[in-house]
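This is what each chain is made of:
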2 protein chains.
Amino acid sequence: MTHFGDHLRQRREALRKTDRRYSLRQVAQRVGIEPAYLSKIERGDLQPPSEATTLRLAGELGEDPDVLLAMAGKVSSDLQAIIRKRPKLFADLLRQLKQAPDHAILTVVREVRDGDW
Amino acid sequence: MTHFGDHLRQRREALRKTDRRYSLRQVAQRVGIEPAYLSKIERGDLQPPSEATTLRLAGELGEDPDVLLAMAGKVSSDLQAIIRKRPKLFADLLRQLKQAPDHAILTVVREVRDGDW
DNA sequence: TGTCATGTATCGTATATACTACACATTTGA
DNA sequence: TCAAATGTGTAGTATATACGATACATGACA
């Protein structure tokens with residue numbers, strides 16, 4: 001499993017190949033953090049940043065926010081809020097689905113989307 | 001919405017009516033925290049405790065752990081781990097189900113439980 | 001060849017989290 | 001009635017979180 005920082009750096013360097021605006025310093029500036037801070041994060045010297053900063057990084061680097069948050073060891077606060085409103089229901093559901101294969105979960109997602117209630 | 005601390009106190013006092021072992025001090029001791037700390041939590045003077053302590057409180061007071069954690073503004077770390085392993089899938093699922101009525105989610109839970117994969 | 005940008009090392013800070021320790025006034029039960 | 005138990009006020013602590021500011025060596029490039 002590739003590290004959060006490694007992943008950031010790989011992604012940034014990839015974008016950098018076709019766009020010089022993706023230097024560490026410029027990305028840091030657009031994201032609103034110090035270059036030194038981003039440097040240490042990319043190198044795994046520091047913990048991944050806060051949810052808010054991680055989301056801005058995802059936006060800047062064109063990454064899926066939930067996936068990047070997951071790599072940062074976090075779960076989006078809006079998802080947490082959904083669970084907290086009906087904790088028993090969603091706790092049961094998630095533990096049931098823990099073992100289920102991806103396609104089964106996808107099926108459920110589609111069922112719900114197309115479901116009529 | 002009743003406060004986390006209020007809820008704890010109500011629950012503890014209810015148990016106390018039939019069992020003197022549910023004094024604040026004795027519960028605190030069994031849970032492994034200082035009475036003064038539990039007092040302030042019940043009165044809403046301090047934030048809800050850590051996940052670990054909240055779970056011990058749930059056990060001691062016979063409450064559903066996920067529900068009590070939700071009242072503490074948290075989501076169980078094992079549920080978070082489930083989500084983090086397949087963030088896109090579960091993020092989509094939860095956002096789909098955000099609006100769904102309880103019975104629809106229950107149906108999904110049962111479908112998955114009885115499903116054959 | 002000099003200057004501009006780049007990545008990084010070092011140091012420091014503000015705030016939040018998660019409690020403990022102790023003392024004290026009040027209440028309860030034998 | 002008095003000793004034990006109860007709830008609470010005050011003060012303090014250790015650790016984690018989430019960064020900022022500054023300075024510096026290296027590399028690119030014009």
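Note that the structure is predicted; figures quoted are calculated from it, not measured.

Caption draft 1: Expanded view of the interface of chain A and chain B. Each side of the interface is counted separately: chain A has 38 residues, and chain B has 38 residues. Between chain A and chain B the total buried area reaches about 3900 Å² when both faces are included, carbon and sulfur atoms providing 74% of it. Considering only the side of chain A, the residues that lose the most area to chain B are Arg-86, Leu-94 and Arg-95 of chain A, jointly responsible for 14% of the buried surface there. Taken together, the connections running from chain A to chain B amount to 8 salt bridges. The closest approach of N and O atoms between Arg-86 of chain B and Asp-102 of chain A, which form a salt bridge, is 2.7 Å.

Caption draft 2: A look at the nonpolar core. Counting 32 residues, the largest nonpolar core has Leu-93 of chain A together with Leu-93 of chain B as the members making the most contacts within it. For this core, the secondary structure elements donating two or more residues are α6 (77-85), α7 (87-97) and α8 (102-114) of chain A together with α6 (77-85), α7 (87-97) and α8 (102-114) of chain B. Residues within four places of Leu-93 of chain A in sequence aside, it is in contact with Leu-93, Leu-97, Ile-105, Val-108 and Val-109 of chain B.

Caption draft 3: Structural view of the pattern of salt bridges. Residue and element names in this part refer to chain A. Under the criterion given, the structure shown has 21 salt bridges over all chains. The salt bridge partner of Glu-13 is Arg-12, with a shortest N-O separation of 3.5 Å. Residue Glu-13 is classed as partly exposed on the basis of its relative accessible area of 34%. Residue classification places Arg-12 among the buried residues on the basis of a relative accessible area of 3%.

Caption draft 4: Structural detail: the packing of helix α1 (residues 4-16) of chain A against helix α3 (residues 35-42) of chain A. Residue and element names in this part refer to chain A. For the pair α1 and α3, the least separation of the axes is 7 Å and the interaxial angle reads 115°. By the angle between their directions, the pair α1 and α3 is classed as roughly perpendicular. Contact residues: α1 offers Phe-4, Gly-5, Asp-6, Leu-8, Arg-9 and Arg-12, while α3 offers Leu-38, Ser-39, Ile-41 and Glu-42. When grouped by side-chain class, the residues that make up the contact of α1 with α3 number 4 nonpolar, 2 polar and 4 charged.

What counts, and where the lines are drawn
Residues numbered from 1 in each chain as written. Chains lettered and ligands numbered in written order. Predicted model: local features only at pLDDT ≥ 70, side-chain atom pairs only at ≥ 80, totals over all residues. Heavy atoms only, no water. Contact = heavy atoms within 4.5 Å. Buried area = accessible area lost by both parts, 1.4 Å probe. Salt bridge = Lys/Arg side-chain N within 4 Å of Asp/Glu carboxyl O. Core = buried A, V, L, I, M, F, W, Y, C linked by side-chain atoms within 4.5 Å. Buried < 20%, exposed > 50% of the residue type's maximum accessible area, 1.4 Å probe, protein only. Helix = DSSP H or I, 4+ residues; strand = E, 2+ residues; numbered from the N terminus. Axes fitted to C-alpha atoms, helices over the stretch in contact; angles between N-to-C directions. Parallel < 35°, antiparallel > 145°, perpendicular 65-115°, else oblique. Nonpolar A, V, L, I, M, F, W, Y, C, P; charged D, E, K, R; others polar.

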